[in-house]
Amino acid sequence: MAAPVQSQFVSQLKRYYALYTGGFIGFVVMLAILEQMGVPNKILGYIFLGVTVSLYAGIGILSRTSDVAEYYVAGRRVPAFFNGMATGADWMSAASFIGLAGTLYLSGYDGLAFVMGWTGGYCLVALLLAPYLRKFGQYTIPDFLGARYGGSVPRSIGVFAAILCSFTYVIAQIYGVGLIVSRFTGLDFGVGVFVGLGSILVCSFLGGMRAVTWTQVAQYVILIVAYLIPVIWLSVKHTGNPVPQVAYGYVLQQVTARENVLNDSATPEGAREAEVRSIFKQKQEQGEAKLKALETGGASYLAAEKAKLIQTANMLKAKHDVDPNALATAENALAEFPKDVASARTAWRAAVEADKAKAAPITAHAEPFAGQDEATRDKKRKNFLALVLCLMVGTAALPHILMRFYTTPSVKEARMSVFWSLVFITLLYITAPALAVLAKYDVYTLLVGSSFSELPSWVSAWAAVDKTLMSVTDINKDGIVQLAEITIGGDLIMLATPEIAGLPYVVTALVAAGGLAAALSTADGLMLTIANSLSHDVYYKMIDPRAATRRRLIISKALLLVVAVFAAYITSLKPGDILFLVGAAFSLAASAFFPALALGVFWKRANKMGAIVGMVSGLGTCMVYMYITYPFFGVNAPLWWDINPISAGIFGMPVGFVGVIVGSLLTAAPSKEIQAMVDHVRYPSMRLDNFGGKN
Amino acid sequence: MEKHKQYWRKNLRMTGALLAIWFIATFVVGWFARDLQFFSLLGFPFSFYMAAQGALVIYVVLVGYYAYRMDKLDREYGMQEGEQ
């Protein structure tokens, strides 16, 4: 492509997106004015979500295409800066946008594993993969495996792994979409899933990578504005400094000071906390006794317990002055009483764990790997570092991210675009820990010690919406809120920040739109990866290499539909823990792809047999470890070196590397052509005429 | 090909050095986090600051520096795309 055309294209893009950003801010201001004029919140929520979703669909329609290079790699002319924004949106999912600040609030320093893991991985992308993949210049990640290692076996394993980790990840995104749409519009969860999905489809269906890229840039703008505004406001409120990243060091000191006061039973507040904790300690002991009795007594004990509850309820009913509250509690307990021994065991154990957590003193926010003894601390440290490594290597192996670096015009731009991606991503990840500390300060100083009769309005509002997100119960009946009496669900922190900061409803709607943008953009990228793997790698490269362009694109679009409907169906079943799904995707990608990709560039001797052995053994190890240790599957084997199942990649990766090396050394070196291809990938200027070539 | 070998060697050396920085900022500092928490940096405990901000800034600088230096190396060895 001639340089003047590209530079004209870039300046045009800059003009469009500057106008767009201005227009978006104007739109928010307009809605703020509408709110002042008395338009109800629900309507504002509808307008906000409606306008943003149709905006994404609109960009999708404008970017529709039936050109192969446009469809798969956006014509390879996405400038570094814009590819950085698109990668940022592609990268930051609902889990980052909504969940991260909450995770940091709840686990303090230990939650920073996600912050480091999800940014530091880009160092590996930049240094080890992006420029080389761009030079290779085809369409998908299995393409690289197929060309580098030859034959369709490495490609097929690549396709399987790409679909496995992208699908695991996309479920978590669609779940987020459904949650946000249903919470802010009052639509049913299932309807929310399909509304969101519709807008994803319009976008990727019509224009493939090209549409997804330009929508993601638009989505990045919305999500970063939505993230920063409430945090900046909160920072101004508590510190007078509009740069939260700088200001929260001081707030963190205040939080640490509060923690010390609340943990010290010699102070009046600390004494009240200790009182509440001792009540939880008693509950925990009672619960443990019940569990023990269940183990020995089994079903008959369960029946006896149930009979006791029925008796209590009947006695309450028989009284002359029926206390409606006590009766409701008793009937509730009866209704929720577990049906069999197994469910009783699970439910009671969870209750004991919750009480145990409440009975423990507050963990210091800034203290790394807090624990009662050396062994606990050491275990936490190992898991922290293992998780960081899995997230980083997983980042450098997730196909939907690596694919984005095929879309830049040159190797140089690919390197620059990793830089821009990281800049845009860091903007959010560096803010999240500040938000967690600012919110904690608010809770520790304003909520704790306030009276139950006059709770802050955001507390009662969210407690009414969802008890798992926010609940306060006066355990020791003193009419004053103690920290141990507050239960906060992680997702609350980001969702409630605008209200904590005292901002108008329009900002709450903005945050919802931001969360939706984050979830939609990631889901877009993932679904495109899955559909492309199937249409390009399986259909075109393996089944019918002579298929006409038109036919390939039609197949790709049809597959996209099938994948979307299937993913929505799985999501509507609400499968388990979202954070585990996300973590699992990283460990799987790290074990399956990273060794074969990195060695493919840096070790010429790596060959087909090595790639096959490495990918299968790495992925296999990771899957087996997850299967035998993650409670969901019910095997519950002992952990290896105390490593949690979410970091299973820590075992898969080394096995993968050893597999590639041993497999390669035991068989013949790769052919001259393949060695020439490695050179082609390594030197930006080298051309390879007998090899695919670039568009 | 001598030119190519030299270019690749320089690239490997730089990649290795930057990866070493990445490793120290992440894993060495992380391993000793409990020992380093009593220093203070810009009002934060040192290990908290490193994990929440310091490491991130190092990553950004590192990736930016790599892009800048590789571009220079490409030109020095005439390796830009479209050359040769």
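Quick note: structure is the one above.
Everything numeric in this text was worked out from a predicted model, so none of it was measured.

Asks: I'd like a description of the overall build of chain B, backed by residues and values.
Replies: A count of helices and strands for chain B gives three helices and two strands. Starting at the N terminus and walking to the C terminus, you meet the elements of chain B as α-α-β-β-α. Relative to the globule expectation of 12 Å for 84 residues, the C-alpha radius of gyration of chain B, 18 Å, shows a markedly less compact shape. Dimensions of chain B along its principal axes, counting C-alpha atoms only, are 55 × 20 × 15 Å. Expressed as a percentage of the 84 residues in chain B, the buried residues total 35%. Pairs at least 24 residues apart make up 48% of the contacts formed inside chain B by residues separated by at least 6 positions.

Asks: Explain the overall build of chain A to me, and be specific about the residues and the numbers.
Replies: Counting secondary structure elements, chain A contains 27 helices and two strands. Principal-axis analysis of the C-alpha atoms gives chain A an extent of 95 × 65 × 45 Å. The contacts of chain A with a sequence gap of at least 6 include a subset with a gap of at least 24, amounting to 81%.

Asks: Explain the packing of helix α6 (residues 112–136) of chain A against helix α3 (residues 46–76) of chain B to me, using residue names and the numbers behind them.
Replies: Running from amino to carboxyl end, α6(A) crosses α3(B) at an angle of 10 degrees, the nearest separation of the two axes being 10 Å. Considering the angle they form, α6(A) stands roughly parallel to α3(B). Contact with α6(A), carried on its side by L112(A), V115(A), M116(A), T119(A), G120(A), Y122(A), C123(A), A126(A) and L127(A), involves A51(B), A52(B), A55(B), L56(B), Y59(B), L62(B), V63(B) and Y66(B) of α3(B) and no other residues of that element. Grouping the amino acids of the contact of α6(A) with α3(B) by side-chain chemistry returns 15 nonpolar, two polar and no charged.

Asks: Hey, could you go over the interface of chain B and chain A for me, with residue numbers and the actual values?
Replies: At the interface, 41 residues of chain B touch 41 residues of chain A. Of all the secondary-structure elements, those providing two or more residues to the side of chain B that touches chain A are α1 (2–31), α2 (33–36), β2 (44–45) and α3 of chain B. No other element matches the 17 residues that α3(B) contributes to the side of chain B that touches chain A. Looking at the side of chain B that touches chain A residue by residue, the classes come out as 24 nonpolar, 12 polar and five charged.

Asks: An account of unusual backbone geometry is needed here, citing residue identities and associated values.
Replies: Residues and elements named next belong to chain A. Positive phi, normally seen in glycine, also occurs at F369, with a value near 50 degrees. Here F369 lies in the loop between α14 (341–359) and α15 (374–395). For W641, which is not glycine, the phi dihedral falls at a positive 45 degrees. You can call W641 exposed: it has 10 C-beta atoms within 10 Å.

Asks: Please provide a residue-by-residue account of the environment of A274(A), values included.
Replies: Residues and elements named next belong to chain A. Assignment of secondary structure puts A274 in helix α11 (residues 268–297). Taking the C-beta count within 10 Å as the criterion, A274 has 19 such neighbours and is therefore assigned partly exposed. Between the C-alpha atom of A274 and that of H680, which follows or precedes it by 406 residues, the distance is 67 Å.

Asks: So what about the nonpolar core? Which residues, and what values?
Replies: Core analysis: the biggest nonpolar cluster contains 239 residues, and L223(A), M527(A) and V63(B) have the highest contact counts within it. Ranked by the residues each element gives to this core, the list is headed by helix α9 (residues 189–239) of chain A, at 22 residues. Once you skip the residues sitting within four places of it in the chain, L223(A) turns out to touch A89(A), M92(A), F97(A), G514(A), A517(A) and A518(A).

Asks: Any chance you could break down the packing of helix α5 (residues 94–107) of chain A against helix α20 (residues 492–500) of chain A for me, citing the residues and the numbers?
Replies: Residues and elements named next belong to chain A. The contact between α5 and α20 brings their axes to 6 Å, and the two run at 95 degrees. Relative to α20, the element α5 is oriented roughly perpendicular. Together, F97, I98, A101, G102 and Y105 of α5 and L492, I493, M494 and L495 of α20 make up the contact between the two elements. Class assignment for the residues of the contact of α5 with α20 results in eight nonpolar, one polar and no charged.

Asks: A description of the environment of R381(A) should follow, citing residues and the corresponding values.
Replies: Within the fold, R381(A) resides in helix α15. Once the C-alpha coordinates of R381(A) and P230(A) are considered, the two residues, 151 residues apart in sequence, prove to be 33 Å apart.

Asks: With reference to specific residues and values, describe α11(A).
Replies: Each α-helix turn comprises 3.6 residues. Residues three or four places apart therefore point the same way. Residues and elements named next belong to chain A. For α11, with 30 residues, the first-to-last C-alpha span of 43 Å sits near the 44 Å given by 1.5 Å per residue. For α11, every residue scored as buried is listed here: R272, E273, V276, R277 and Q284. On its buried side, α11 packs onto α10 (244–263) and α14. Remark: G298 follows α11 within two positions and exhibits a positive phi of approximately 65 degrees.

Reading the values: the criteria
- Residues numbered from 1 in each chain as written.
- Chains lettered and ligands numbered in written order.
- Predicted model: local features only at pLDDT ≥ 70, side-chain atom pairs only at ≥ 80, totals over all residues.
- Helix = DSSP H or I, 4+ residues; strand = E, 2+ residues; numbered from the N terminus.
- Rg over C-alpha atoms; globule rule 2.2 N^0.38 Å.
- Buried ≥ 20, exposed ≤ 12 C-beta atoms within 10 Å, placed from the backbone.
- Contact = placed C-beta atoms within 7 Å.
- Axes fitted to C-alpha atoms, helices over the stretch in contact; angles between N-to-C directions.
- Parallel < 35°, antiparallel > 145°, perpendicular 65-115°, else oblique.
- Nonpolar A, V, L, I, M, F, W, Y, C, P; charged D, E, K, R; others polar.
- Core = buried A, V, L, I, M, F, W, Y, C linked by C-beta atoms within 7 Å.
- Expected span 1.5 Å × (residues − 1).

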